[in-house]
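A structural walkthrough
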Amino acid sequence: MKITDVKIYPFDTGRIGGRVRAVADITIEDTFIIKGIKLVESKHGGLFITFPKKMSSKGVYVDIIQSLDNDFTEQVRRAIVDKYKEIMGLE
């Protein structure tokens, strides 16, 4: 699957103790959009993504979208991180 578009909505929750740096929407092959992927800074400074989740009736967060292919997940992560760095001037 090819990622054909990435939209980044940067914000910094660091001032309030959070680690979310942006929310992203990706388009796959100009056909399918995944909205609400979070870009999170790890405790060691790296960036990772979390796919959208929702809260169940029992108060537990469950995945709405789950990738079964690690290569695809890494492709999504790389596309989002690259676009984030481009927008924020970090390259």
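These numbers come from a predicted model, not from an experiment. (Residues numbered from 1 in each chain as written. Predicted model: local features only at pLDDT ≥ 70, side-chain atom pairs only at ≥ 80, totals over all residues. Heavy atoms only, no water.)

**Description of helix 1 (residues 70-88)**
In plain terms, the rule: Put simply, DSSP H or I for four residues or longer makes a helix, DSSP E for two residues or longer makes a strand, and each gets a number counted from the N terminus. To estimate how far a helix should extend, the number of its residues minus one is multiplied by 1.5 Å. In this scheme, a residue with accessible area under 20% of its type's maximum is buried, one over 50% is exposed, and one in between is partly exposed, where area comes from a 1.4 Å probe on protein chains only. Here the arc refers to the directions that run from the helix axis out to each C-beta atom. Counting of polar contacts relies on pairs of N or O atoms within 3.5 Å, with two restrictions inside protein: one atom must be capable of donating a hydrogen and the other of accepting it, and residues adjacent in sequence are counted only when both atoms are side-chain atoms.
Taking 1.5 Å as the rise per residue, helix 1 with 19 residues should run 27 Å; its terminal C-alpha atoms sit 27 Å apart, in good agreement. Among all positions in helix 1, only Phe-72, Val-76, Arg-77, Ile-80, Val-81 and Tyr-84 are buried. Along helix 1, the residues classed as buried sweep out an arc of 165° about the axis, all on the same side. Taking the backbone nitrogen of Asp-71 as reference, a side-chain oxygen 3.0 Å away marks Asp-69 as the first, capping residue of helix 1. Looking one or two places after helix 1, you find Gly-89, whose phi comes out positive at around 70°.

**A closer look at a nonpolar patch on the surface**
What counts here: In this scheme, patches are assembled from residues that exceed 30% relative accessible area and form no salt bridge. Like charges are connected within 9 Å, while nonpolar side chains (Val, Leu, Ile, Met, Phe, Trp, Tyr) are connected within 5 Å. With residues, only the protein chains shown are counted as cover, and all accessible areas are computed by Shrake-Rupley using a 1.4 Å probe. The term salt bridge refers to a side-chain nitrogen of Lys or Arg lying within 4 Å of a carboxyl oxygen of Asp or Glu.
Together, Ile-87, Met-88 and Leu-90 give the surface a local cluster of nonpolar side chains, amounting to about 280 Å² of exposed area. Among the structural elements, Leu-90 can be located in the segment after helix 1. Residue classification places Leu-90 among the exposed residues on the basis of a relative accessible area of 53%.

**Re the environment of Arg-78**
With respect to the helices and strands, Arg-78 occurs in helix 1. Relative accessible area serves as the criterion here: at 34%, Arg-78 is assigned to the partly exposed category. Considering only alpha carbons, one finds Arg-78 and Ile-16, 62 residues apart in sequence, at a separation of 26 Å.

**A few points about the nonpolar core**
Across soluble globular proteins, you tend to see nonpolar side chains buried next to one another. Defined as follows: Residues grouped as a nonpolar core are buried Ala, Val, Leu, Ile, Met, Phe, Trp, Tyr and Cys residues, joined through side-chain atoms within 4.5 Å. What makes two residues a contact is simply this: any of their non-hydrogen atoms within 4.5 Å.
Counting 17 residues, the largest nonpolar core has Ile-8, Ile-26, Ile-37, Leu-39, Ile-49, Val-76 and Ile-80 as its most contacted members. Of all elements in the fold, only strand 1 (3-10), strand 2 (20-28), strand 3 (32-41) and helix 1 reach the threshold of two or more residues within this core. When residues of this core are assigned to their parent elements, the largest contribution, five residues, is made by helix 1. With residues up to four places along the chain from it excluded, the contact list for Ile-37 reads Ala-22, Val-23, Ala-24, Ile-26, Ile-49, Thr-50, Phe-51, Pro-52, Val-76 and Ile-80.

**Overview of the sheet that holds strand 4 (residues 47-50)**
What counts here: Following DSSP output, two strands are said to pair if at least two bridges run between them. Angles run from 0 to 180 degrees between N-to-C directions of axes, and those axes are lines fitted to C-alpha atoms, restricted for helices to the stretch in contact.
Spatially, four strands are ordered 1-2-3-4 in an open sheet, and the strand pairing comes out antiparallel. Two strands bound the open sheet, and with one partner strand each, they are strand 1 and strand 4. The average angle at which neighbouring strand axes cross in this sheet is 30°, direction not considered. Across seven bridges, the pairing between strand 1 and strand 2 is antiparallel.

Shape descriptors only; they carry no functional weight alone.
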